[in-house]
Structures are given as C-alpha cells and as structure tokens.
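Listed below, chain by chain, are the residues.
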Amino acid sequence: MPNMRNVKLLLAGVALMASAAAAGAQGTFTIGVSNTVQGNGWREEMICAIKAQALASGKVAKLNIAHRNTDAAGQLEDIRNLISAKVNAIVVNPADPAGIKDALAEATKAGIVVVAVDQTVTEPTAYIISNNQEEYAYLGAKWLFQTLGGKGDVVYMRGAAGASADSDRDKGFKKALAEFPDIKVVHEVFTGWQQDQGKQQILDFIATGTPFNGIWTSGIDNVIVDALTESQTPLVPVVGADNAGFVGQLNSVEGLKGAAVTNPGSIGGAGVTLALQILEGKKPAQQTVLVEPQLWENTTDDGKAKLKAAADPSLSPEWPVSISIPDWTTYTKEQIVACKGPGE
C-alpha cells in the first residue's frame, strides 16, 4: 500500500507546478530590473526595451525597476531589495561584476532567475546575454588604425572605469593596437558614458594643442563630432556606436570619415526573453549568449548603403538605431518608443 503522506506530497507538487504554469500563461511573472546609469541614451533605450518586451510577451504582470545612478554598493542594495520583493527573475546591468556577486548568488539561492545584460558577471549561476564588447572595440579600432594607414596619434575615449564592458572593450582595443605598432595613444580618458562629460573632455584636450589623427569612442560619439565642428578643429576619423545622432552625422557631415559599430541597447529586451525562457524551463545550451557586432563605415559604398538604411532621425540622437534584435525581441517600434511596460 503506498505511503499516503508521499502521495499527498506528490499531488501537492503536481498542483503547484500546474499553478505555476497557469500563472506564466496568464502573464503573472514579476521581473526585477537593476540598472546603475541614468541620463545615458543607451541605458534609457535598454530600459524601454525591457518594458516593451515584457509587455509584448504577454507573460509579465509587473516590472520592479531600480533605475538610478549608483555604484556597486548601491546596486547590491537594490538587488537585495528585489530579492525581498520575491520577483521571479532579475535582469541586471552590472556596475561591477565582482562587486555584486554575493547578491546574485543570494538571488539564485532564493530561486530567482538572474540574467545579466550588456556586461558579464562573475557569479557562475547567472545567465548572460550581451553584445560582444571585446569584438565591438576590436572592429572599430582596427578600422580606425587601417584608415590612418597604420600610423598616427589617436585619442582613446573609454567608458566607465571598473565596468566589465569597458574592461572587455579595452582588451579588444589593445588587441588591435598590438597589430599596429606605429599607432600611438596620445590621450586616454574615461567618459563615464556621459555625453556632456565626454564633450568637455575632448574640448579640453583640443585646447592643449596636442596633435591627434583619430578618435575612438566607447559610444559617446555624436557630441565628439559636435565638439570638432564647433571648435573648428579639422575633422579626423571617428569611431562610435550605432547611435542615431552619430549615424546621421556619418551620412551628412561633409568631410567626416567614421565608422559605427553596432551595440544595441535593445539587449535589455533580449534579457527579458531569456529570463522568460528559463522560467518556462527552456534553458540555453550555454550560460553566456553573445550578440555579434557589425561595422558600418562611410568610406565604402557598402558601408554607406548600410548607414543610409539604418538612419532613423525620429529616434533620440543618443538611442542606438538597432532598436530590436532578431530572434530575441518581438515588440514594435511604437512599443519601445512609448517605453511602457505591463500595467503602465
């Protein structure tokens, strides 16, 4: 005769799984979001992509978003608040991969799915879906150095110190630099991925009178072109991201040579998709999923055609034009621009 206690436990477990499945089908998942940079167009697009994908999926009842300017300590606090709120999953853009490791481990232990977007983390239980940041830097730097004929002085405008995306991009930049021994970095600076800060930094450097032949930027790009034109500094080749303003400049600013490397902020929406797949038992084959970048230069016919096709003046100049990612996002342009999540 079967043990009645075990039968009851089994039936309770079946009922619980059925309840969870029904909850997912009815759109009752709650997803927490942790982001540590405000006032940056890329991050704002990321947040809007998260909202749009959560809404378009029909599976998310609520988003719990911690979106503020803070450091790893502040993000650690935000993540622990999301754990206390008993969210089903957390989509996080990490301020520091090691600095938030403990909180991510606590989330996993609490049965919460953790997905890091845009940057890597050191917590092994977390899933990662990110643009390939090392390749992003390598493609752009190699194009710049080749365009300069393998010789010259360049300005290296990085992102935020300590951020894993910046560290990965530094690896890619230095990989390209090693291939061109006659290229010299005459100025290296961290922009913090802030438009106003980056523009002032290049203006301050221009004021020193130090010669330079090209500029590589970590996505703070259209304001750098603005600084060159406003200060009447001769245009030099500029590398940036696929931000709407920079793509427009590459199509229209006379005498400007440049290349945009894709780095879609819509990776946030992809993070929601991945989190929902895991919640529904569809784990990816690999813990890390990378989205590979493309380079669009305005110095070839093919590149010009891609830049022209990608241009979208209706978007904020700081928003990447890659507002969706094939196979990972299902929202419409209207939904991401509206920036409304479930219940809003």
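Relevant structure appears above.
Calculation rules
Residues numbered from 1 in each chain as written. Predicted model: local features only at pLDDT ≥ 70, side-chain atom pairs only at ≥ 80, totals over all residues. Heavy atoms only, no water. 1 Å grid on protein atoms, 1.4 Å probe; cavity = no way out; pocket = protein on both sides within 12 Å on 5 of 7 lines; lining within 4 Å. Points joined across faces, edges and corners; volume = space filled by probe spheres on them. Nonpolar A, V, L, I, M, F, W, Y, C, P; charged D, E, K, R; others polar. Phe/Tyr/Trp six-rings, centres within 6.5 Å; stacked < 30°, edge-to-face > 60°. Helix = DSSP H or I, 4+ residues; strand = E, 2+ residues; numbered from the N terminus. Buried < 20%, exposed > 50% of the residue type's maximum accessible area, 1.4 Å probe, protein only. Lys NZ or Arg CZ within 6 Å of the ring centre and 35° of its normal. Pairing = 2+ DSSP bridges. Axes fitted to C-alpha atoms, helices over the stretch in contact; angles between N-to-C directions. Contact = heavy atoms within 4.5 Å. Lys, Arg positive; Asp, Glu negative; His and termini not counted. Salt bridge = Lys/Arg side-chain N within 4 Å of Asp/Glu carboxyl O.

Undergrad: How do you make sense of the layout of surface pockets when you look at a structure like this?
TA: Gaps left between atoms are located by rolling a probe of water-molecule size over the structure's atoms. Reported here for the largest pocket is a volume of approximately 160 Å³. Lining the largest pocket are 16 residues; nearest its centre among them are Thr36, Val37, Ala95, Ala160 and Ala163. For the lining of the largest pocket, the per-class residue count stands at seven nonpolar, six polar and three charged.

Undergrad: Just checking my understanding: could you explain the packing of aromatic side chains for this structure?
TA: In this description, an aromatic ring pair is defined by two values, namely the gap between the centres and the angle between the planes. For the coordinates displayed, the defined rule picks out seven aromatic pairs. Summarising the aromatic geometry, the rings of Phe145 and Phe173 are spaced 5.7 Å apart at their centres and angled 80 degrees between planes, so their arrangement reads as edge-to-face. One end of the pair, Phe145, is in helix 5 (residues 133-147); the other, Phe173, is in helix 6 (residues 164-179), and 28 residues separate them in sequence. Look at Tyr156 and Phe173: their rings are 3.7 Å apart centre to centre, the planes differ by 10 degrees, and that puts the pair in the stacked class. In this pair, Tyr156 sits in strand 6 (residues 152-158) while Phe173 sits in helix 6, placing the two residues 17 residues apart along the sequence. The same class applies to Tyr156 and to Phe173, which are both buried. Note that Arg169 overlies the ring of Tyr136, its terminal NZ or CZ placed 3.9 Å from the centroid. A cation over an aromatic ring shows up here: Lys175 above the ring of Tyr138, its NZ or CZ 4.4 Å from the ring centre.

Undergrad: Would you take a moment to explain the sheet that holds strand 3 (residues 89-92) for this structure?
TA: By definition, the strands of a sheet pair up through backbone hydrogen bonds, in either a parallel or an antiparallel sense. With parallel pairing, the six strands of this open sheet are ordered in space as 2-1-3-4-5-11. Strands at the two margins of the open sheet, each flanked by one partner only, are strand 2 (60-67) and strand 11 (288-291). Each strand axis lies, on average, 15 degrees off the axis of its neighbour in the sheet, ignoring direction. Pairing of strand 5 (residues 127-131) with strand 11, which is carried by four bridges, proceeds in the parallel orientation. Paired with Asn131 across the strands is Val291, a residue of strand 11. Of the strands in this sheet, strand 1 (29-35), strand 2 and strand 3 are in contact with helix 3 (residues 72-84), which crosses strand 1 at around 175 degrees.

Undergrad: What is the right way to read the side chain of Arg43 from this model?
TA: Mapped onto the secondary structure, Arg43 falls in helix 2 (residues 41-57). There is no salt bridge for the buried Arg43, and the closest opposite charge comes from Asp118, which lies 4.3 Å off by N-O distance. Setting aside residues up to four positions removed in sequence, Arg43 forms contacts with Asn35, Thr36, Val37, Asn93, Asp118, Gln119 and Trp193.

Undergrad: When you look at the pattern of salt bridges in this model, what are you seeing that I'm missing?
TA: Should their charged atoms come close, side chains of opposite charge can pair. For the structure on display, the rule yields 13 salt bridges. We note a salt bridge from Asp170 to Arg158, for which the minimum N-O separation is 3.6 Å. Here the residue Asp170 occupies a position in helix 6, and Arg158 occupies one in strand 6, the gap between them amounting to twelve residues. In terms of burial, Asp170 and Arg158 fall into one category: buried. Here the salt bridges share partners, and the residues they tie into one network are Arg158, Asp166, Asp170, Lys174 and Glu188.

Undergrad: What is the right way to look at empty space enclosed by the protein in this model?
TA: Following the criterion strictly, the structure yields one cavity of 30 Å³ or more and no others. Here the largest cavity defines a volume of roughly 220 Å³. In terms of lining, the largest cavity is formed by 21 residues, of which the most central are Asn40, Trp42, Trp193, Ser218 and Asn263. Contributing elements (two or more residues each) for the lining of the largest cavity: helix 2, helix 5 and helix 6. For the lining of the largest cavity, the element with the highest residue contribution is helix 2, accounting for three residues.

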